[in-house]
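# Fold and contact review
For reference, the chains in residue letters:
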Amino acid sequence: MSPDGTELLKSAGLDDAERIVVKIGSALLVDEDGGEVRRDWLNSLADDIADLKTRGKQVLVVSSGAIAVGRRHLGLPKGPLKLEEKQAAAATGQIQLAHAYQEALARHSITVAQILLSPDDTEERRRHLNARSTLTALLGLGAVPVVNENDTVATEEIRFGDNDRLGARVAQMVSADALILLSDIDGLYTADPRRDPAAAHIPFVEHIDAEIEAMAGTAGSDHASGGMVTKIAAGKIATAAGCRMAIAKGYAPHPLRAISDGAPVTWFAAATTPRGARKNWIAGSLTPKGSLTLDEGALKALNRGKSLLPAGVTKVGGSFERGDLVEILDPAGRPVARGLSAYGAADAKRIAGYKSREIERVLGYRGRDELVHRDDLVLER
């Protein structure tokens, strides 16, 4: 906890973030009594998103609310639902929510894309890379992806607060600079403020340790029922991935504008940069499945910070699939880098030595121009 850090993040929290993930809880988006989307609030959020985009920022939304909306349209009773009822409600509610987001952002001529993810999509490496590529392409095309957990095919009970962690996984996946958890509370307190009048608001957390986790309560407490435990868990994921995180009260209109205007929030500092976190993961967390040997020209290009193109590869070794880690060797066979291959070993052997413009002719399909993109490559020092 640091007052200096607080002032820094108040001034730079969203201003210098280029890629922002916003997680929205059901209580903010859906009227609890009627089960209807709070259209005026959603329009105000869309206004905030449009403002961020006009400032050159990319925005992704992770949205709860599908079950809350769907149960009303299916006439399901209040109270606990069976798993299959939750799945049915989610299937109906996802359509309603997607349409609501589409209408709200269409007022600003912004395209919306719906993405449904399961835990395996964020944790299994090839599926992770496929989802990352899709989300990155959508952002590059100016769209706002709206992400939800694929509750319709869940094989276990859908747990409250999962979308906090999903928001952190999405932030990790796309190397976001900031994750904003919009909630019914304006941040972390030293104790549950609903039960302890002396509880103090914590504006800045430099590192999530046992003391911070204790402030969030336990899984069975009233405090945790508001989702603070899952928010702290999300913070650990996001900050380790180089993404700072804020817990902010979002019920009032224009919640993102309020953050920029200095509304009370709790900021969690990132442990590194998004790029640094990804590079560290590539450098030390994986075992190489194969190798790529370079010519002198490709070696010089890598040392200048360029991507590895197939034209500079003289030999492909090992058995690997797209997305696997490969060791990159200099002409003498010495390791100089490692990275994630955009092609499997069989296709890499076929295109080795060819210009990028020839890949489609050689393989019969158009893949990436790079064999290993510079964002997926780490030089060994």
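Residues numbered from 1 in each chain as written. Predicted model: local features only at pLDDT ≥ 70, side-chain atom pairs only at ≥ 80, totals over all residues. Heavy atoms only, no water.

A few words on the overall build of the chain. Tallying secondary structure elements over the chain gives 16 helices and 15 strands in all. For 381 residues, the compact-globule estimate of 2.2 N^0.38 gives 21 Å, and the C-alpha radius of gyration of the chain, at 23 Å, lies within 12% of that figure. Each principal axis of the C-alpha atoms in the chain carries an extent, and together these give about 70 × 50 × 40 Å. Across the chain, contacts joining residues at least 24 apart in sequence account for 73% of those joining residues at least 6 apart. Surface accessibility of the chain: about 17,700 Å² in total, with carbon and sulfur atoms responsible for 49%. (Helix = DSSP H or I, 4+ residues; strand = E, 2+ residues; numbered from the N terminus. Rg over C-alpha atoms; globule rule 2.2 N^0.38 Å. Contact = heavy atoms within 4.5 Å. Areas by Shrake-Rupley, 256 points an atom, 1.4 Å probe, with all protein chains shown as cover.)

What follows deals with empty space enclosed by the protein. Tallying each qualifying case throughout the model produces two cavities of 30 Å³ or more. Breaking the lining of the largest cavity down by element, the ones donating at least two residues are α5 (83-106) and β4 (144-149). Ranked by residues supplied to the lining of the largest cavity, first place goes to α5 with four residues. For the lining of the largest cavity, the class distribution of residues is six nonpolar, four polar and no charged. (1 Å grid on protein atoms, 1.4 Å probe; cavity = no way out; pocket = protein on both sides within 12 Å on 5 of 7 lines; lining within 4 Å. Points joined across faces, edges and corners; volume = space filled by probe spheres on them. Nonpolar A, V, L, I, M, F, W, Y, C, P; charged D, E, K, R; others polar.)

Counting 40 residues, the largest nonpolar core has V21, V147, V170, L179, L188 and F268 as the members making the most contacts within it. The contact partners of V170, leaving out residues within four places of it in the chain, are V21, L60, V62, L117 and V147. Listed in part, the 39 residues of the second largest apolar core include L28, Y101, A248 and L256. (Core = buried A, V, L, I, M, F, W, Y, C linked by side-chain atoms within 4.5 Å. Buried < 20%, exposed > 50% of the residue type's maximum accessible area, 1.4 Å probe, protein only.)

As a further point, take the pairing of strand β11 (residues 290-294). β11 sits mainly inside the fold: five of its five residues count as buried. Covered by surrounding structure in β11 are G290, L292 and L294 together with S291 and T293, the residues of both alternating faces. Across five bridges, β11 lies against strand β12 (residues 313-318) in antiparallel orientation. Bridge pairing in β12 places G290 opposite G318. (Pairing = 2+ DSSP bridges.)

On average, residues of the chain score 87 in pLDDT, and 91% of them reach the 70 mark or higher. Predicted confidence for residues 157-161 stays below pLDDT 50, and this span has eleven contacts to residues more than four positions away or in other chains. Counting contacts from residues 219-226, a segment whose pLDDT is below 50, to residues more than four positions away or on other chains yields 21 contacts. (pLDDT = per-residue confidence, 0-100.)

Turning our eyes to something else, we now look at the sheet that holds β12. A sheet is described by the order of its strands in space; here five strands give the open sequence β12-β11-β13-β14-β15, paired in mixed fashion. Every other strand in the sheet has two partners, leaving β12 and β15 (377-379) as the edge strands with one partner each. In this sheet, adjacent strand axes meet at a mean angle of 20° when their direction is disregarded. Helix α13 (residues 274-284) contacts β13 (325-329), β14 (335-340) and β15 of the sheet and is inclined by roughly 115° relative to β14. On top of the sheet, helix α14 (residues 296-303) reaches β11, β13, β14 and β15; it is set at about 105° to β11, its chief contact. (Axes fitted to C-alpha atoms, helices over the stretch in contact; angles between N-to-C directions.)

With their axes 9 Å apart at the nearest point, helix α3 (residues 39-54) and α5 run at an angle of 55° to one another. Looking at the two axes, α3 sits oblique to α5. In the packing of α3 onto α5, the handedness of the crossing is right-handed. Touching R39, L42, N43, A46 and I49 of α3 are A100, Y101, E103, A104 and L105, all from α5. Classifying every residue of the contact of α3 with α5 by side-chain character gives seven nonpolar, one polar and two charged. (Parallel < 35°, antiparallel > 145°, perpendicular 65-115°, else oblique. Left-handed = near helix turned anticlockwise from the far one by under 90°.)

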